[in-house]
Structure formats: structure tokens, C-alpha cells
Amino acid sequence: MAAPQIFIFDCDGTLIDSMGMWLDIQPKLLASYGLDLTSDDFAKFESLSVEDECKAYHEEWGVGESGEAVFERFDAMLLEEYRTNIHARVGVRAFLEEAEQAGIVCAIATSTPEHLVRAGLAANDFERFFPVIVTTEMAGRSKDFPDVYNLALARACELAGVEEPPHGEVWVFEDAPFGLKSAGGAGYRTVGIYDPHGRGTREEVFALADVPIDEFTELSVTHLTHLGTGSF
């Protein structure tokens, strides 16, 4: 396999340790409307963009005047968390620095609104590593489909001034089983990062990944560059 030029990263649970916050904050949001729910009640909405999640909350439980009104309330809660309480996963900085030194363009493909992602990146001093940030809202479909990864690849290649490589030469880094399924199904090579705070089990994540890891300390750009079929 040719040396990779583009890496595409999920954000929450992959680059930053935020999934525990997400599982707590959704019940807090609905509690502000007088509903007593648990994190399990939100599992079916996880692949949606945050905007679409809030529309679904309005439709499912009748909260707020509209989905947009629910999103405004939720957005204020989330922004405070991303600015103050979200930290990088172990080993991420060293891996991103290695990718930077190798000249690899790194992009983010996420279901989280761009301004929240940027707040989380800024809080961890990661902004310089990600010239491209693409959301499912921009792509027009959830991560049950590969559109967001395809859009991230197109924009990263445009920025780098290179033609789009075959998907089999591009690595996608994900913690969510649905993301690994859609990226892998579209032909991308996948690194599955197990997040103990996420909904996916370690067994699910590892079974769906070309390269399964618990932390970025297990991974290097050199390994990925020289990796053929199979895993470590």
C-alpha cells in the first residue's frame, strides 16, 4: 500500500475523551424539560448530527417549541463543556505530531457541530493539526453512510492539491461501530479506537477495524505506512 497522504479522524471518543460527557449531558438536557431519561434512551440517535438529534427529541418527546429551540439550549450547555472540561485521549498529540512531520493532511469527519469541535480542539491546542473539519450536517447524511468521510477526503485533497487516492489508501480513525461499518464498507482502511465511555463494546470495535487499538500509544504513522493487509 502506498504511504498514506490523508488521515480522516472522528472527533468525540477518538481524539478527545468526551463520550462520558455526552452520555451525561443528554439526560440533563431533557431533565431541564421535566423528563427523567437515561443515556440508553438516546442510543438510537447517536449517528445523527446534533441538530437532527434535537429535532428528534422534539418529535419523540414533545420538548421545546421546536427542534431549533432545543438545539439552542443544548448548544449552550455543550459549548461550556467543550471549552472547559474536554481533554485529549492518551497519545493523540504525539501521533498527530508524527503525522504532521510526515506531511500527512489530517481531516475531521464528525457528527458534532463545527464550532463545538473547534472549541474542543482549541482547548487542547490541536487546531493546527486539522485544516479540514467536515460535519454530517455539511454532508447531508448521518454516519450510517460514508458521505461525511467522502467529503472530508475531497476537501483534504483539494487543500493538499492532490488527486483523490483510492479509498484503500486512506485511513479513517473511529470509535463508533456504525462509523467503522460505513467507512469500511466504502473501502477505507480503518483504525478502531475503543472508547470505554462509548456505546460500542471492545469486541464490536475490534471486529470492525483493520487496526484495533485501545490508545494511540499503540500506533504510529510508520506502522500504518508499512502495513499491508491484516493487522499488527
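Summarised in this report is the structure supplied together with it. (Residues numbered from 1 in each chain as written. Predicted model: local features only at pLDDT ≥ 70, side-chain atom pairs only at ≥ 80, totals over all residues. Heavy atoms only, no water.)

So, on to the sheet that holds strand E3 (residues 132-135). One open sheet holds the six strands; their spatial order is E3-E2-E1-E4-E5-E6, and the pairing between them is parallel. On the outer flanks of this sheet lie E3 and strand E6 (211-213), each paired with one strand and no other. Pairs of neighbouring strands in the sheet enclose a mean axial angle of 20°, with direction left out of account. Here strand E1 (residues 6-9) runs beside strand E2 (residues 105-110); their pairing, made up of four bridges, is parallel. Along E2, the bridge assignment pairs phenylalanine 7 with cysteine 106. Along the sheet, helix H4 (residues 92-101) contacts E1, E2 and strand E4 (171-174); its crossing angle with E1, the most-contacted strand, is approximately 155°. The strands touched by helix H5 (residues 114-123) are E2 and E3; relative to E3, the strand with the most contacts, the crossing angle is about 140°. (Pairing = 2+ DSSP bridges. Helix = DSSP H or I, 4+ residues; strand = E, 2+ residues; numbered from the N terminus. Axes fitted to C-alpha atoms, helices over the stretch in contact; angles between N-to-C directions. Contact = heavy atoms within 4.5 Å.)

With that settled, the discussion passes to the side chain of aspartate 12. Inspection of the secondary structure assignment puts aspartate 12 in the loop between E1 and helix H1 (19-31). Polar contacts involving the side chain of aspartate 12 include one to the side chain of serine 18, which spans 2.5 Å. There is a polar contact of 2.5 Å between the side chain of aspartate 12 and the side chain of threonine 112. When sequence neighbours within four positions are dropped, the list of residues in contact with aspartate 12 reads Ser18, Met19, Trp22, Tyr82, Thr110, Thr112 and Asp175. (Polar contact = N/O pair within 3.5 Å; in protein donor to acceptor, adjacent residues only side chain to side chain.)

Time to look at the packing of aromatic side chains. Within the structure shown, the criterion is met by 18 aromatic pairs. Consider the rings of phenylalanine 45 and tyrosine 57, whose centres lie 5.5 Å apart with planes at 75°: the pair is edge-to-face. One end of the pair, phenylalanine 45, is in the loop between H1 and helix H2 (50-61); the other, tyrosine 57, is in helix H2, with twelve residues separating them in the sequence. Judged by centre distance (5.4 Å) and plane angle (50°), the ring pair of phenylalanine 95 and phenylalanine 216 falls under tilted. With phenylalanine 95 in helix H4 and phenylalanine 216 in the loop between E6 and helix H10 (221-226), this pair connects stretches of sequence that are 121 residues apart. Taking the relative accessible area as the measure of exposure, phenylalanine 216 reaches 2% and is therefore buried. (Phe/Tyr/Trp six-rings, centres within 6.5 Å; stacked < 30°, edge-to-face > 60°. Buried < 20%, exposed > 50% of the residue type's maximum accessible area, 1.4 Å probe, protein only.)

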